[in-house]
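# Coordinate inspection notes
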Amino acid sequence: MNRNPLTVYIYELAWILPSIAIPVGMLVAITLSAFALGIHLPGAAGRLDPARLDSTPPFDRPGVRQVGPGRYEAVVIGQIWRFTPNEIRIPAGSEVTFIATSRDVVHGFKIQDSPVNLMLIPGQVARLTARFDRPGEYLLVCHEYCGTGHHVMFGRVIVEPTGR
Ligand code: CUA
């Protein structure tokens, strides 16, 4: 069969250009999400014995505490089928470091409209810092299927207006 060399050239370009453009697009998306949107993969911040959470700091005292001006630390335990604490209250403009783990099975830890999206794995500590500027109520949900009560496992982050 006789093909016009120009047609072949255009076919080749039609394959080659997207095969360059797609990886470049992906790299741009990764770079933007990491640096502009502040989305990071949470690392394993530590290991512990999930059976001894009640005597392992900081999980012996779950809750929210202020660690500096505008800076908070939220220590959260996920277990079937609740978060402890299930309400995190902070003033707008705060930077919150979530330190979380699971007491039993794998749970999810996702805060709506925020970059917080963690996996709570028994024996591992997940840690992530996020800033909350906009006042309102943010839903915290478990987004890893964890059994029959999975759908009722949720909490809320309440960002209070500072009056400024
Ligand atoms: Cu915990 Cu789903």
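Quantities reported herein were computed from a predicted structural model and do not represent experimental measurements.

## A word on the pairing of strand S6 (residues 94-102)
A large share of S6 lies buried, amounting to eight of its nine residues. As paired elements, strand S3 (residues 71-79) and S6 share eight bridges and run parallel to each other. What sits directly across from Ile 77, in S6, is Thr 101. Across seven bridges, the pairing between S6 and strand S9 (residues 124-132) is antiparallel. For Ile 99, the partnering residue across the bridge sits in S9 and is Arg 127.

## Brief notes about the pattern of salt bridges
Under the criterion given, the structure shown has six salt bridges. For the salt bridge of Asp 54 with Arg 103, the shortest nitrogen-to-oxygen distance reads 3.4 Å. Of this pair, Asp 54 sits in the loop between strand S1 (44-47) and strand S2 (63-68) while Arg 103 sits in the loop between S6 and strand S7 (107-111), and the two are 49 residues apart along the sequence. The class of Asp 54 is exposed, set by a relative accessible area of 58%. Take Arg 103: its relative accessible area is 29%, and that puts it in the partly exposed class. Put simply, Glu 87 and Arg 89 hold a salt bridge, and the shortest N to O gap is 3.1 Å. Overall, Arg 89 belongs to the partly exposed group, its relative accessible area being 43%. It is possible to trace a salt-bridge network through shared partners that takes in Glu 87, Arg 89 and Glu 160.

## Quick look at the packing of aromatic side chains
Considering all chains together, one arrives at four aromatic pairs under this definition. With 6.1 Å between their ring centres and 75° between their planes, Phe 98 and Phe 132 make a pair best called edge-to-face. You can see Phe 98 sitting in strand S6 and its partner Phe 132 sitting in strand S9, a full 34 residues away along the chain. Here Phe 98 falls in the buried class, since its relative accessible area comes to 0%. With relative accessibility at 1%, the residue Phe 132 sits in the buried group. Ring geometry for Phe 132 against Tyr 138: centres 5.5 Å apart, planes inclined by 85°, an arrangement best described as edge-to-face. Residues Phe 132 and Tyr 138 agree in their burial class; the two are buried. Taken together, Phe 83, Phe 98, Phe 109, Phe 132 and Tyr 138 form an aromatic cluster joined through their ring pairs.

Rules used in this analysis
- Residues numbered from 1 in each chain as written.
- Predicted model: local features only at pLDDT ≥ 70, side-chain atom pairs only at ≥ 80, totals over all residues.
- Heavy atoms only, no water.
- Buried < 20%, exposed > 50% of the residue type's maximum accessible area, 1.4 Å probe, protein only.
- Helix = DSSP H or I, 4+ residues; strand = E, 2+ residues; numbered from the N terminus.
- Pairing = 2+ DSSP bridges.
- Salt bridge = Lys/Arg side-chain N within 4 Å of Asp/Glu carboxyl O.
- Phe/Tyr/Trp six-rings, centres within 6.5 Å; stacked < 30°, edge-to-face > 60°.

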